[in-house]
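Descriptive analysis of the structure
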Amino acid sequence: MSRRSLVTTALSRGLAANRTAATVAINGFDWAFRRQSLVRSGKTWFELVHDTDLMSVRYYGLPDESHIELSDGSDLAVERDQYAVPLVLVPPLGVTANTFDLMPNRSLARFMAAKGFRTYMIDWGKPDKHDHGSLSLVDYSGRLMEEALAAVRAHSGAKDVSLMGWCMGGLISLIHMGLNGTGGIRNLVTAASPIDIRSSRAVMGMGDALDAPAHLIERIIRLTGLEEKPGALSVPAWLTSLSFKMTAPVSSITTYWDLLMGLGDREFVVNYTTTSDYLNNMYMYPGGVVRDVVVQVAGHNKLASGQIELDKEVADMARVTVPMLIFAGKRDHLVEPPVARALLDIVGSDDKQFRLAQGGHMGVILGRKALGDLWEPSAAWLAERSAA
């Protein structure tokens, strides 16, 4: 190689190294001092169609877009010929309204709207002890859910709606139908929703031995007056965040190292910052719901029997007769596949399917592989069942 070629090569490598160093410096500066500018959640257009102190309802349309970008780098044309049956996304409690609009290319709300579904989402608001602390599963599954669905029907003009719930969102949807029947609901999709807690490997084989602690907790709650004033049981926001992070503990520990190694990639830094912002800004978990979950859902494992009594009302899963698509994450350590699959055995539906998807508790619905493993199959399944 000639001296000129060596000089040219050295200069090229030097320029490339300078560009990389400049990119790392800019990304590092933005992350340290302008972090909010990197957060891409909540960017999809929506219309607020219902708004109260406890809950609101969003309608996600794509009025100004002909295509959307997906997480695999492809484009999806926006379908303007919409299905007759609207889709209502039901998030769990304790998370922000951006759960289903995490990033423009990883937004379940945007994807479903582009697929031709009139897409709505229930926003459970930012809970506080004063207004939300005493709310129970019956409050959310009963009157608040009914109020939200009434708003969707009024805005869309449709008689029937489909529901799609992740984790407790699926549970709230199921209990709603167990209490009220399935009138006005066409289909249900659930992802990582806990049903038979005792089928988890962590507690398998303990069986009825778990009833004693559940009865003890129930008795303590009653004797201390927490049954009537369960707000004191509310889980603070920082603990909700920690709980979600612990669904992928290794990732939580290595996260800053990953950031350091990825500072030269702007897209990686944006994705990292957006996801971290989401996980670091969870909400308080209402005490009434904590009481119901700890005692009835987890302690007594009542849902596995097909009936659960909450606030003297009985939700009977045999009343749930709508077509149902049930997902579980292959690596979900919080709601293991058998825990979610048990739903097949307790509902009255004839048309019901169970599928495994890649990812853990969050990854199954929000991760990079959710597009192919859960979003697209759900859209195809709903399309077949959403005609007038």
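Residues numbered from 1 in each chain as written. Predicted model: local features only at pLDDT ≥ 70, side-chain atom pairs only at ≥ 80, totals over all residues. Heavy atoms only, no water.

**Details of the overall build of the protein chain**
- In terms of regular secondary structure, the protein chain is built from 13 helices and twelve strands.
- Counting over 388 residues, the protein chain shows a buried share of 52%.
- If you take every contact in the protein chain between residues at least 6 apart in sequence, the share linking residues at least 24 apart comes to 78%.
- Roughly 17,700 Å² of accessible area belongs to the protein chain as shown, and the carbon and sulfur atoms make up 55% of that amount. (Helix = DSSP H or I, 4+ residues; strand = E, 2+ residues; numbered from the N terminus. Buried < 20%, exposed > 50% of the residue type's maximum accessible area, 1.4 Å probe, protein only. Contact = heavy atoms within 4.5 Å. Areas by Shrake-Rupley, 256 points an atom, 1.4 Å probe, with all protein chains shown as cover.)

**Quick notes on a nonpolar patch on the surface**
- There is a patch of nonpolar side chains on the surface, built from Trp238, Leu239, Leu242 and Met246 and spanning about 410 Å² of accessible area.
- With respect to the helices and strands, leucine 242 occurs in helix H6 (residues 237–245).
- On the basis of relative accessibility, which here comes to 38%, the residue leucine 242 falls in the partly exposed class. (Patch = residues over 30% accessible without salt bridge, like charges linked within 9 Å, V, L, I, M, F, W, Y side chains within 5 Å. Salt bridge = Lys/Arg side-chain N within 4 Å of Asp/Glu carboxyl O.)

**Remarks on the sheet that holds strand E5 (residues 87–90)**
- Spatially, eight strands are ordered E1-E2-E6-E5-E7-E8-E11-E12 in an open sheet, and the strand pairing comes out mixed. Only two strands of the sheet have a single partner each, and these edge strands are strand E1 (46–51) and strand E12 (352–357). Each strand of the sheet is rotated relative to its neighbour by a mean of 20°, with strand direction disregarded.
- With four bridges joining them, E5 and strand E7 (residues 161–166) adopt parallel strand pairing. Of the residues in E7, the one forming a bridge with leucine 89 is methionine 164. (Pairing = 2+ DSSP bridges. Axes fitted to C-alpha atoms, helices over the stretch in contact; angles between N-to-C directions.)

**Side note on the pairing of strand E11 (residues 324–329)**
- Of all the six residues making up E11, six are buried; the element is thus mostly covered by neighbouring parts of the structure.
- Neither face of E11 is exposed, since Met324, Ile326 and Ala328 on one face and Leu325, Phe327 and Gly329 on the opposite face are all buried.
- Of the strand pairs in this sheet, strand E8 (residues 185–191) and E11 are connected by four bridges, and their pairing is parallel. Residue pairing in the sheet places valine 189 in a bridge with leucine 325 of E11.
- Sheet topology note: the E11/E12 ladder contains six bridges and is parallel. Paired with glycine 329 across the two strands is alanine 357, which belongs to E12.

**A closer look at the pattern of salt bridges**
- Evaluation of the coordinates by the stated rule reveals eight salt bridges.
- Between arginine 291 and aspartate 311 there is a salt bridge, with the nearest N and O atoms lying 3.2 Å from each other. With arginine 291 in helix H9 (residues 287–299) and aspartate 311 in the loop between strand E9 (307–310) and strand E10 (313–316), this pair connects stretches of sequence that are 20 residues apart.
- Aspartate 311 gets classed as partly exposed once you look at its relative accessible area, which sits at 41%.
- With its nearest N and O atoms 3.3 Å apart, the salt bridge here joins arginine 385 to glutamate 384.
- Relative accessible area serves as the criterion here: at 63%, glutamate 384 is assigned to the exposed category.

**Focus on the nonpolar core**
- Core analysis: the biggest nonpolar cluster contains 95 residues, and Trp124, Trp166 and Ile365 have the highest contact counts within it.
- Broken down by element, this core gets its largest block of residues, nine residues, from helix H3 (residues 137–156).
- Counting residues in each nonpolar core, the second largest holds seven residues, with Leu38, Leu259, Leu263 and Tyr272 among its members. (Core = buried A, V, L, I, M, F, W, Y, C linked by side-chain atoms within 4.5 Å.)

**Examining the environment of aspartate 131**
- Considering the arrangement of structural elements, one finds aspartate 131 in the loop between strand E6 (119–123) and H3.
- What makes aspartate 131 partly exposed here is its relative accessible area of 37%.
- For aspartate 131 and aspartate 53, which are 78 residues apart along the polypeptide, the C-alpha to C-alpha distance reads 8.2 Å.

**A look at the packing of aromatic side chains**
- Using the criterion set out here, one finds six aromatic pairs in the structure.
- A centroid spacing of 4.6 Å and a plane angle of 25° characterise the contact between tyrosine 83 and phenylalanine 117, whose relative ring orientation is stacked. Of this pair, tyrosine 83 sits in the loop between strand E4 (75–77) and E5 while phenylalanine 117 sits in the loop between helix H2 (108–114) and E6; the two residues are 34 residues apart in sequence, bridging distant segments of the chain.
- With relative accessibility at 2%, the residue phenylalanine 117 sits in the buried group.
- Against the face of phenylalanine 46 rests arginine 58, its NZ or CZ located 4.0 Å from the ring centre. (Phe/Tyr/Trp six-rings, centres within 6.5 Å; stacked < 30°, edge-to-face > 60°. Lys NZ or Arg CZ within 6 Å of the ring centre and 35° of its normal.)

**Focus: the environment of leucine 239**
- With respect to the element layout, leucine 239 can be found in helix H6.
- Exposure remark for leucine 239: the relative accessible area of 31% places this residue in the partly exposed category.
- Here the alpha-carbon distance between leucine 239 and methionine 284, two residues 45 residues apart in the chain, equals 8.2 Å.

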